[in-house]
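Structure at a glance
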Amino acid sequence: MVLTTVKGNAAVADAQALIARARQEKSADESNVIIELVATIIWYKFKQLSLQEIQAMLDIAIQESRLYQEGQQEGRQVRSSFADYSSVEQAIWSDL
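To start, this report covers the structure provided alongside it. (Residues numbered from 1 in each chain as written. Predicted model: local features only at pLDDT ≥ 70, side-chain atom pairs only at ≥ 80, totals over all residues. Heavy atoms only, no water.)

**A look at the overall build of the chain**
The cut-off we apply is this: The numbering of helices and of strands both runs from the N terminus, where a helix is a DSSP run of H or I of at least 4 residues and a strand a run of E of at least 2. Throughout, a contact is declared for two residues whenever any of their heavy atoms are within 4.5 Å. Here, Shrake-Rupley sampling with a 1.4 Å probe gives the accessible areas, and only protein chains in the shown set may cover a residue.
The secondary structure content of the chain amounts to 4 helices and 0 strands. Scanning the chain from its N terminus toward the C terminus, one meets helices and strands in the order α-α-α-α. Look at the contacts in the chain between residues 6 or more apart in sequence, and 48% of them connect residues 24 or more apart. Carbon and sulfur atoms form 54% of the exposed surface of the chain, whose accessible area is close to 6,900 Å².

**Quick look at helix α3 (residues 51-58)**
Our working definition: For every residue, the accessible area obtained with a 1.4 Å probe (protein chains only) is divided by the maximum for its type, and the residue is called buried under 20%, exposed over 50%, and partly exposed between those limits. Directions are taken from the helix axis to each C-beta atom, and the arc is the one they span.
Looking at α3, one finds that the buried residues are Leu51, Ile54 and Leu58. Angularly, the buried residues of α3 cover 60° about the axis, an arc narrow enough to put them on a single face. Once α3 finishes, Asp59 follows within two positions and takes phi at roughly 55°, a positive value.

See below:
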């Protein structure tokens, strides 16, 4: 897929074109898979952008996508790890 090698604004334009083509030429299920793949590539290319910014840039809804769900899961894991760390830290300080 050429989208992985294209830089900057050209990548966004190509992604938008791929999404438009998928919506026109493919079934809903196939289109969703393609859109999710394109969104994932763009997300990796533009790590500094939020999922909401990518959603607006590509004119897609990604709350139900696997990309969004995995991001939510990672966030929960980070919060859980932080909570575990805080508990350990509190136990250490309470012993002092």
